[in-house]
Amino acid sequence: KPNNCKTLEGCATQLPINAIAAFALAASSAPKSLRHPGPKHRGRGQATVATRRCAELDAPSYKVVPLEGRGLGAVATRKLQPGELIITETPVLAYGDDFGPAELERQFSALDEETRESVLALHDSYMLDGEKSLEGIVRTNSYARNSDSADGLLCPRCSRFNHSCSPNCEQSYNEEASEMRIYASSEIEAGTELCVFYTEVRQPRAERLQALQASFGFVCRCDACSAPSRESDDRRRRLLEIDEQVAAMAAEDPERGIDMMHEMFQLLDKEGLHLNFVRKRGCFNAYQLSFLCGKKSEATDWVVKAYEFSMLSHGPLHPDTVT
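These remarks concern the structure in this document. Just so you know, these numbers come straight off a predicted model, no measurement behind them.

Structural notes on a negative patch on the surface
Stage number 1. On the surface, Asp112, Glu113, Glu114 and Glu117 cluster together into a patch of negative charge.
Stage number 2. Checked against the element boundaries, Glu114 lands in helix 6 (residues 113-120).

Here it is in structure tokens:
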């Protein structure tokens, strides 16, 4: 499940203030409870990583069940809050441009029997004559290492989370910890299916459907795709336009760039897209643009918001949050 969503990272790196300075400012400006997450810290419904892991072990927040027309899927067993960690998993297989089928087979052979069986139980949308292949399973179920990478990581448990074009969860890979994590991106009621995204959900419906069919072999029937809407397509298309245009605003018109970030938030809200990692980067862009305008107080407000959204989408120990 490659994370093909375009991010604002490219825009951010073209602006003159770097990420280290931004998040250092966030750390000094944020309330003490946000700067130093402790056992009692919750941060908009968050718990610490240790607390969440205990919660996952003692009272699992999801279960995998058969879903009509969707195969197996993850369903919430209790109410979840935005930023709540649902699952942490270390990848069992990795692939990339330098990894051929032989390397995949070598990695697979090194796994224990139970893990090998969990891998082979996954769907293969590239089957030929009804026969699964390890390469097909990995290509069907892998998550991207990061948004700018074609390298894939296979996490059998995380692979049970299905796709939605209006996801209520988001995946995040922590390179330093070698862990894939899935966080709730909105408030979720017990019994609700937990969905991440497999493709760029800010594309119009027709483009999303084509991408999902080509890469994963299924026709998306999520709520966003089941009720076609020109207004929805226009909003999502505009979100991508803002993504592409914001970098130029640093040199051309920083004030206009800040207005575009406000517009982005309004569009995300209207569309019901709970993409906290996108909001994080939007806030970071607005921080940089505000700094260019000499609006240091507004810049501080924006970067603290970026820090909070990073907590929600990546957790307190992710490099994007602690750098």
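That covers the picture; the talk isn't over yet.
As for the packing of aromatic side chains
Geometrically, a pair of aromatic rings is defined through the distance of the ring centres and the angle of the planes.
Stage number 1. Across all of its chains, the model carries 9 aromatic pairs by this definition.
Stage number 2. Seen in terms of ring centroids, Phe265 and Phe309 are 6.0 Å apart; in terms of plane orientation they differ by 45°. Their pairing is tilted. Of this pair, Phe265 sits in helix 12 (residues 254-271) while Phe309 sits in helix 14 (residues 296-314); the two residues are 44 residues apart in sequence, bridging distant segments of the chain.
Stage number 3. Residue Phe265 is classed as buried on the basis of its relative accessible area of 14%.
Stage number 4. By relative accessible area, Phe309 is classed as buried at 12%.
Stage number 5. Each residue in the set Tyr198, Phe216 and Phe218 is aromatic and connected to the rest through ring pairs, giving one cluster.
Stage number 6. A cation sits over an aromatic face here: Arg139 above Tyr126, 4.0 Å from the ring centre.

Observations regarding the sheet that holds strand 9 (residues 179-184)
Stage number 1. The antiparallel open sheet is built from 3 strands, whose spatial order is 3-9-8. Each edge of the open sheet carries a strand with a single partner, namely strand 3 (85-89) and strand 8 (169-174). Between one strand axis and the next, the sheet turns through 20° on average, direction left out of account.
Stage number 2. Here helix 14 sits on the sheet in contact with strand 8 and strand 9, set at roughly 110° to strand 9.

Section: the side chain of Gln171
Stage number 1. Looking at the secondary structure, you find Gln171 in strand 8.
Stage number 2. On the basis of relative accessible area, Gln171 is assigned to the buried category, the value being 8%.
Stage number 3. Within the local environment of Gln171, its side chain forms a polar contact with the backbone oxygen of Phe197, the two atoms lying 3.0 Å apart.

Here we look at the packing of helix 12 against helix 13 (residues 276-292)
Stage number 1. Where helix 12 contacts helix 13, the two axes come as close as 8 Å, and the packing angle between them is 160°. Between helix 12 and helix 13, the angle is such that the two are roughly antiparallel. In this structure, the crossing between helix 12 and helix 13 has a hand that is left-handed. Facing Pro254, Gly257, Ile258, Met261, Met264, Phe265, Leu268 and Asp269 of helix 12, the residues of helix 13 in contact are Val278, Arg279, Gly282, Cys283, Asn285, Ala286, Leu289, Ser290 and Leu292.
Stage number 2. Classifying every residue of the contact of helix 12 with helix 13 gives 11 nonpolar, 4 polar and 2 charged.

Cut-offs used in this document
- Residues numbered from 1 in each chain as written.
- Predicted model: local features only at pLDDT ≥ 70, side-chain atom pairs only at ≥ 80, totals over all residues.
- Heavy atoms only, no water.
- Patch = residues over 30% accessible without salt bridge, like charges linked within 9 Å, V, L, I, M, F, W, Y side chains within 5 Å.
- Areas by Shrake-Rupley, 256 points an atom, 1.4 Å probe, with all protein chains shown as cover.
- Salt bridge = Lys/Arg side-chain N within 4 Å of Asp/Glu carboxyl O.
- Lys, Arg positive; Asp, Glu negative; His and termini not counted.
- Charge placed at Lys NZ, Arg CZ, Asp CG, Glu CD.
- Helix = DSSP H or I, 4+ residues; strand = E, 2+ residues; numbered from the N terminus.
- Phe/Tyr/Trp six-rings, centres within 6.5 Å; stacked < 30°, edge-to-face > 60°.
- Buried < 20%, exposed > 50% of the residue type's maximum accessible area, 1.4 Å probe, protein only.
- Lys NZ or Arg CZ within 6 Å of the ring centre and 35° of its normal.
- Pairing = 2+ DSSP bridges.
- Axes fitted to C-alpha atoms, helices over the stretch in contact; angles between N-to-C directions.
- Contact = heavy atoms within 4.5 Å.
- Polar contact = N/O pair within 3.5 Å; in protein donor to acceptor, adjacent residues only side chain to side chain.
- Parallel < 35°, antiparallel > 145°, perpendicular 65-115°, else oblique.
- Left-handed = near helix turned anticlockwise from the far one by under 90°.
- Nonpolar A, V, L, I, M, F, W, Y, C, P; charged D, E, K, R; others polar.

These figures capture arrangement, not role.
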